[in-house]
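Structure at a glance
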Amino acid sequence: MSAVLNTILIYAKNPSATAEFYRKFFDFETTGEIVEGLIELNSPASGASILIHQAARTVKLGQVGVKLMFSVKDVDGFKEQCAQRGLVFGSTHQANGYSFANVKDPDGNSVAISSRAYRAAV
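Values in this document were obtained by computation on a predicted structure and should not be read as measured data. (Residues numbered from 1 in each chain as written. Predicted model: local features only at pLDDT ≥ 70, side-chain atom pairs only at ≥ 80, totals over all residues. Heavy atoms only, no water.)

1. So, helix H1 (residues 15-26)
- Between the first and last C-alpha of H1 there are 16 Å, a value that for 12 residues agrees with the 16 Å anticipated at 1.5 Å per step.
- All buried positions along H1 are accounted for by Pro 15, Thr 18, Ala 19, Phe 21, Tyr 22, Phe 25 and Phe 26. Down the axis, H1 shows its buried residues gathered within 160° of arc, on one side only.
- Taken from the residues just after H1, Asp 27 is the one with a positive phi, measuring 60°. (Helix = DSSP H or I, 4+ residues; strand = E, 2+ residues; numbered from the N terminus. Expected span 1.5 Å × (residues − 1). Buried < 20%, exposed > 50% of the residue type's maximum accessible area, 1.4 Å probe, protein only. Arc of directions from axis to C-beta.)

2. Focus: the pairing of strand S4 (residues 67-71)
- The side-chain alternation of S4 yields one buried face, formed by Leu 68 and Phe 70, and one unburied face, formed by Lys 67, Met 69 and Ser 71.
- The pairing of S4 with strand S7 (residues 110-114) spans 5 bridges and is classified as parallel. From the neighbouring strand, Leu 68 faces S7, where its bridge partner is Val 111. (Pairing = 2+ DSSP bridges.)

As structure tokens, this is what we get:
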């Protein structure tokens, strides 16, 4: 028996703002409706889901224990597209035949874009 990772749960101080971030910049689909304490987002491109949950006041957000990494073919092109809509990524880094850049979501969680999945076979 195997387990398949297909859903990420993110704790947020403002679930609606966090859901809007992933909808606006990463094309997740959502009604934005809170059902059973969660806002569900789905990616039509990958089938992955994100659940946004209201964080308790005691939860520390924005730690580096988890980073969401989105695959894009053109890191600089994606950065430019996002900048036009108000999201500015950090510097583009080069590593072993691919590039990546980082940003934080509204709750300080680490988010990256990377062309690693599209690099040429070594």
